[in-house]
Amino acid sequence: MRLAAVWIAVAAPALASCATVGPAEEASALASPQAVADELLAADRDFAARAADRPLANTLPAMFDDAVIMPLPSGAFATGKPAAAAALSANPTNTVAKAVWAPVGAGIAADGMHGVTYGFMTIREDGEPDRRAKYLAYWVKRAIGWRVAAYKRAVSGPGEVATALRPAVLPPRLVAEVVDPQVIETHRAVLAATEQAFSDRAQQVGLGPAFAEFGSVDAMNMGQNADFTFGNQAIAGGMPPDPKSPVTWAADQGALVASSGDLGVTWGFIHPVAPPPPGQSANIPFFTVWHRATPQASWRYIAE
């Protein structure tokens, strides 16, 4: 849920560089959407395989994009790969514990340059019982390969989880990458405005109805249970029943969108409407992954 979010996202200066990377024309001619999704899943699994015998604080930064930012428990963002790595190392557990993970879901943009994966992680530390976590990662394809531009990790408590790979969210076909900055900026502005409309609607009808209205039928929410919650209606059912949302939010820190205008991520802060209790932050960082079938369709969240 947004109210318990710990998020990572990309900084706004990276927007232009993310839009012009890679030979998309060649990719669209040679690859299918499923092939690109398989490539992304393979990249995620490869980073996991290389992480098996190294401390967590070393392995996660290896897959981060240079412009990644990581939300901290304090509610601030660590901006850039060095700051994110330093924040991970500041937790002594991360310097000794090792982790392996595997994706259970994925999606890609039509330009083949943006994607998303999510799955389960097992954290192992000598003398301690294994701990399970969930993760969500938004990826961009660089010249050196896929790198994580947005990342979230949360506890996966006791209980049954489904580890089978779910069908990927795919475009009908791959398209050539758009390099016109104005086209990309238009996509980005519409996406950011959708996040604002989502918050505004929640103030009118409550969180549950807003999450149902703005979500996809195949949406994923990390939630606070052992497994992920799937589907906009199930996600909405887990929201507080207040007639008006107790929080507001916006993409006030940025938005990143594929040049094909069908996959993107927004990030910013959630703010309680009423003053928070003493000791509780008034800024809760979040990120949301969005998808739409075509650039003319409405954005709907697919992962958060």
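Residues numbered from 1 in each chain as written. Predicted model: local features only at pLDDT ≥ 70, side-chain atom pairs only at ≥ 80, totals over all residues. Heavy atoms only, no water.

Participant: Tell me about the pattern of salt bridges, and please be specific about residues and values.
Facilitator: Taken as a whole, this structure holds 7 salt bridges when the rule is applied. Notably, a salt bridge pairs E39 with K141, separated by 2.9 Å at the nearest N-O pair. Linking E39 in helix α3 (residues 33–51) with K141 in strand β6 (residues 131–142), this pair joins segments that are 102 residues apart in sequence. Judged by its relative accessible area of 35%, E39 is partly exposed. The shortest N-O distance in the salt bridge between R188 and E185 comes to 3.0 Å. Of this pair, R188 and E185 are both found in helix α6 (residues 181–205), 3 residues apart, which corresponds to roughly one turn of the helix. On the accessibility criterion, E185 (33% relative accessible area) is partly exposed. (Salt bridge = Lys/Arg side-chain N within 4 Å of Asp/Glu carboxyl O. Helix = DSSP H or I, 4+ residues; strand = E, 2+ residues; numbered from the N terminus. Buried < 20%, exposed > 50% of the residue type's maximum accessible area, 1.4 Å probe, protein only.)

Participant: Please set out the side chain of K134 residue by residue, giving values where relevant.
Facilitator: Within the secondary structure, K134 sits in strand β6. The buried charged residue K134 lacks any salt bridge, with D227 as its nearest oppositely charged partner at 6.9 Å. A polar side-chain atom of K134 sits 2.7 Å from the main-chain carbonyl oxygen of N225. (Lys, Arg positive; Asp, Glu negative; His and termini not counted. Polar contact = N/O pair within 3.5 Å; in protein donor to acceptor, adjacent residues only side chain to side chain.)

Participant: Could you give an account of the environment of S156, with specific residues and numbers?
Facilitator: Turning to its location among the elements, S156 is positioned in the loop between β7 (145–155) and α6. Taking the C-alpha atoms as reference points, S156 and F120, 36 residues apart in sequence, are found 8.0 Å from one another. Apart from residues no more than four positions distant in its own chain, S156 is found in contact with F120, R132, A133, K134, V161, N225 and A226. Of the polar contacts made by the side chain of S156, one reaches the side chain of R132; its length is 2.9 Å. Among the polar contacts made by the side chain of S156, one reaches the main-chain carbonyl oxygen of A226 at a distance of 2.6 Å. (Contact = heavy atoms within 4.5 Å.)

Participant: So, the pairing of strand β4 (residues 98–108): which residues are in play, and what are the values?
Facilitator: Most of β4 sits inside the fold, with 8 of its 11 residues counted as buried. Bridge analysis of β4 against strand β5 (residues 114–124) gives 10 bridges, and the strand direction is antiparallel. Each residue of the ladder has a partner; that of A106, found in β5, is T117. Connecting β4 to the next strand, β5, in antiparallel fashion are 5 residues, including G112 with a positive phi near 70 degrees. (Pairing = 2+ DSSP bridges.)

Participant: Which residues make up the layout of surface pockets, and what values go with them?
Facilitator: The computed volume of the second largest pocket comes to approximately 150 Å³. If you trace the second largest pocket, you find 13 residues lining it, with A110, V175, S260, D262 and P295 closest to the centre. When grouped by side-chain class, the residues that make up the lining of the second largest pocket number 8 nonpolar, 3 polar and 2 charged. (1 Å grid on protein atoms, 1.4 Å probe; cavity = no way out; pocket = protein on both sides within 12 Å on 5 of 7 lines; lining within 4 Å. Points joined across faces, edges and corners; volume = space filled by probe spheres on them. Nonpolar A, V, L, I, M, F, W, Y, C, P; charged D, E, K, R; others polar.)

Participant: Any chance you could break down the pairing of strand β12 (residues 284–291) for me, citing the residues and the numbers?
Facilitator: With respect to burial, β12 is a largely interior element, 8 of its 8 residues being buried. Side chains of β12 alternate between two faces, with I284, F286, T288 and W290 and P285, F287, V289 and H291 buried alike. Pairing of strand β11 (residues 263–272) with β12 involves 8 bridges; the strand directions are antiparallel. From the neighbouring strand, L263 faces β12, where its bridge partner is H291. Across 3 bridges, the pairing between β12 and strand β13 (residues 300–303) is antiparallel. Bridge pairing in β13 places H291 opposite R300.

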